[in-house]
Amino acid sequence: MFPLSFSELTLRLLLAFFVLILLTRIMGRKEIGQMTFFNFVSAISLGTIGASLAIDQTFKVSHGLYALLAWALFTIILGYLDIKSKKVRTILNGDPIILIKDGKVMDQEMKKARIDLDVLKAMLRKKNAFSISEVDYAILETDGKISVLKQEVNQPLTKSGLSSNSITSPIFPTTTEVISDGKIVQKNLDKLHVTESWLHQQLQQAGVNSVSDVFYAEVQKDGTFYIDQVKDS
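Let us look at the structure shown here. Just so it is clear, the structure is predicted and the values come from calculations on it, not from any experiment. Residue indices follow the written sequence of each chain, beginning from 1 at its first position. Given that this is a predicted model, residues contribute local features only at a pLDDT of at least 70 and side-chain atom pairs are listed and counted only at 80 or more, while totals for whole chains, interfaces and linings are drawn from all residues. Just so you know, side-chain values use all the structure's heavy atoms and leave hydrogens and water out.

## Remarks on the sheet that holds strand β5 (residues 176–180)
To summarise the sheet geometry, strands pair through backbone hydrogen bonds and adopt either a parallel or an antiparallel arrangement. Heads up, the condition is: Pairs of strands are assigned from DSSP output, requiring at least two bridges between the strands. By the criteria applied, helices consist of DSSP H or I runs no shorter than four residues and strands consist of E runs no shorter than two, each listed in order from the N terminus.
Strand order in the open sheet formed by four strands is β6-β5-β7-β8, and the pairing between neighbours is antiparallel. Across the chains shown, the open sheet's two edge strands, defined by having one partner strand only, are β6 (183–184) and β8 (225–229).

Structure, rendered in structure tokens:
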């Protein structure tokens, strides 16, 4: 089969471009503004079909237009069902996942979402929460973004029923994690010029007998400890 001429290629490119623009406008801005699982699959599929229409000479123009129109119609129908039915919405997009609840990291939910502590802290920093202890609730939305509700300004670090604890300690230059995923972060202890024995002593004062019982712990600037214990399965 002969390769496409420049004129035919140009026509196919223009046709694919304008058809994709038109279909995207018809399907609505949700395809761009809210990238859920369904929107992601829809966008990738439309892009693939559009690219095949533009440059694949074995792909008939009529077949390409039909595929684009059929996929767009399918997307619009499912989008309508998404609005009307909670069950369909859950199947297509899933449900929000609570990563932090009442100031406590939900480690089991973190595993389900395949998010580690480093990723969680990076997401929190984008919401101007530079310490987990600042957060009351954090919810991973269906579009992959995180919603954060911070602790009230006058709310004490230690809450009744939580595994957060205040301990009298020296003043430190910055908030620093000392235990992550149940393991001591030795390099951070070295930066703070403290030893593992000191850390174990602080944990014992907080009623924690073993590092393995701690999911996450950090030392605040004022020397207080934030401790999030492993949640029982």
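## Some points on the pairing of strand β7 (residues 214–219)
Regular strands place side chains that alternate from one sheet face to the opposite one. Under the convention used in this document: To sort residues, take the accessible area from a 1.4 Å probe on protein chains only and compare it with the maximum for the residue type: under 20% means buried, over 50% means exposed, and anything in between is partly exposed.
Within β7, six of the six residues are buried, leaving the element largely enclosed by the surrounding structure. Both β5 and β7 contribute to a ladder of four bridges, which runs antiparallel. From the neighbouring strand, T176 faces β7, where its bridge partner is V219. Across five bridges, the pairing between β7 and β8 is antiparallel.

## So, the pattern of salt bridges
For clarity, the cut-off: Definition used for salt bridges: Asp or Glu carboxyl oxygen within 4 Å of a side-chain nitrogen of Lys or Arg.
What the rule picks out here adds up to three salt bridges. With its nearest N and O atoms 2.7 Å apart, the salt bridge here joins D228 to K104. With D228 in strand β8 and K104 in strand β2 (residues 104–105), this residue pair connects regions lying 124 residues apart in the sequence. Classification of D228 as buried rests on a relative accessible area of 0%. When its relative accessible area of 16% is taken as the criterion, K104 is described as buried. With a closest N to O distance of 2.4 Å, K121 and E177 form a salt bridge.

## Overview of helix α5 (residues 86–93)
Quick note on the threshold: Identification of polar contacts relies on pairs of N or O atoms within 3.5 Å, with a donor-acceptor requirement for protein atoms, meaning one able to donate a hydrogen and the other able to accept it, and with residues adjacent in sequence counted only if both atoms are side-chain atoms.
A side-chain oxygen of the first residue of α5 lies 3.4 Å from the backbone nitrogen of K87; this N-cap is S85. Looking one or two residues past α5, G94 carries a phi angle of roughly 80°, positive in sign.

## Some details on unusual backbone geometry
Within the chain, R114 stands out as a residue other than glycine whose phi angle is a positive 55°. Residue classification places R114 among the exposed residues on the basis of a relative accessible area of 77%.

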